[in-house]
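# Structural characterization, general
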Amino acid sequence: MAKIIGVSGSTRKNATDYALREALKAAEEVDGIETEFISLRGKKINPCIHCDRCIREEYKGCLVYKDDDMDALYLKCLEADGLLLASPVFEMGISPQLSAFMSRFRSTYLDLRKDPEVFGNHVGAAIAVGGTRNGGQEMTIACIHNFFHTNGYVVTGGALGVYAGASIWSQDNIKFDESVDPIGIANARKLGVKMAHTVSKMSK
Ligand SMILES: Cc1cc2nc3c(=O)[nH]c(=O)nc-3n(C[C@H](O)[C@H](O)[C@H](O)COP(=O)(O)O)c2cc1C
C-alpha cells in the first residue's frame, strides 16, 4: 500500500478539516492507497529559530525543541508517499500553525545535500480554505507548493478545472458542510483522486 498523509493547518474542527477529510476519502477509493488524517490543532509546534544545530550536528529533527510534538510528526510525514497539506487562509497566506510545521522541515537539507532526488518520488498537493470567495486561496496554495518545491517533491494539482489545487469558500464562521461550497468540496475530491493516481504511479 502507498500512503498519503493529510495535514490540516486549522485550529478548529470546521471547513479545512472537512475539505481535507473528503479529499482523503476520495483518494482511498483508488486501489492501493491508504490515508491518514492529522490535525495540527492542539499540537505544540514551535517554529524553527534557524540555529542550524540540526545541520551542524547532523540530527534528523530539532535539537532545541526536542519535547514538542513536531519531531515525531516530521519523521512520519517523511515516510509517507504523499503529503496533502490543507490550510485556512490567514492574511491571504497559510496559517501560522502550518508555517511552523513547514519550518521544522529544516533538517531535510541533510538528506537533500546527499541526494537532491531523495524526495523525488514523494507527491505533494494543497487545499486552501478562505472565508472570502477570492480571499487568497490561490496564493495559499502557491505557498504550500513552494514548500514542496524546496524539498524536491513532485507537486500535483487536480487537473481539469482544479488546476493548482482545491480552493474552498467557507463563508467564514458558519458550521461548514458540503452545502456551503459544493463545488469546492467536489474539487477537493478530484484533487484527492488525482493525487492518489500520481502517488500510485510514483510508488511503483
Ligand atoms: C487571522 C485570520 C486571518 C484571515 N485571513 C483571511 C484572508 O486573508 N482571506 C480569507 O478568505 N479568509 C481569511 N480568514 C478567514 C478564514 O480563512 C476562514 O474562516 C476559514 O474558513 C477558516 O477555516 P477553518 O474553519 O477550517 O478553521 C482569516 C481568519 C483569521 C482568523
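Now for a look at the structure at hand. (Residues numbered from 1 in each chain as written. Predicted model: local features only at pLDDT ≥ 70, side-chain atom pairs only at ≥ 80, totals over all residues. Heavy atoms only, no water.)

### Overview of helix H3 (residues 70-79)
Here H3 has its buried residues at Met70, Asp71, Leu73, Tyr74, Cys77 and Leu78. Down the axis of H3, the smallest arc covering the buried residues is 160 degrees, so these residues share one side. Along H3, the residues that are exposed and aim more than 90 degrees away from the buried face are Ala72 and Glu79. For H3, the elements touching its buried residues are strand E1 (2-8), strand E2 (33-39), strand E3 (82-88), helix H4 (96-103) and helix H5 (108-114). (Buried < 20%, exposed > 50% of the residue type's maximum accessible area, 1.4 Å probe, protein only. Helix = DSSP H or I, 4+ residues; strand = E, 2+ residues; numbered from the N terminus. Arc of directions from axis to C-beta. Contact = heavy atoms within 4.5 Å.)

### Section: the pairing of E1
Counting buried positions over the seven residues of E1 gives six, a clear majority of the element. By the bridge criterion, seven bridges tie E1 to E2 in an arrangement that is parallel. Considered in E2, the bridge of Gly6 is made with Phe37. What joins E1 to E2 is helix H1 (residues 15-28), and the crossover it makes is right-handed. Two elements, E1 and E3, share five bridges in a ladder whose sense is parallel. When the bridges of E3 are listed, Gly6 appears paired with Leu84. (Pairing = 2+ DSSP bridges. Right-handed = clockwise from strand over helix to strand, strands pointing away.)

### Some remarks on the environment of Cys77
Tracing the chain through its elements places Cys77 in helix H3. Spatially, the C-alpha atoms of Cys77 and Asp115 are 18 Å apart, while their sequence positions differ by 38 residues.

### As for empty space enclosed by the protein
Across all of its chains, the model carries one cavity of 30 Å³ or more by this definition. For the largest cavity, the calculated volume is near 120 Å³. Together, 15 residues line the largest cavity, and Cys48, Cys54, Cys62, Arg104 and Arg106 are the ones closest to its centre. (1 Å grid on protein atoms, 1.4 Å probe; cavity = no way out; pocket = protein on both sides within 12 Å on 5 of 7 lines; lining within 4 Å. Points joined across faces, edges and corners; volume = space filled by probe spheres on them.)

Any functional reading would require information beyond the geometric quantities listed.
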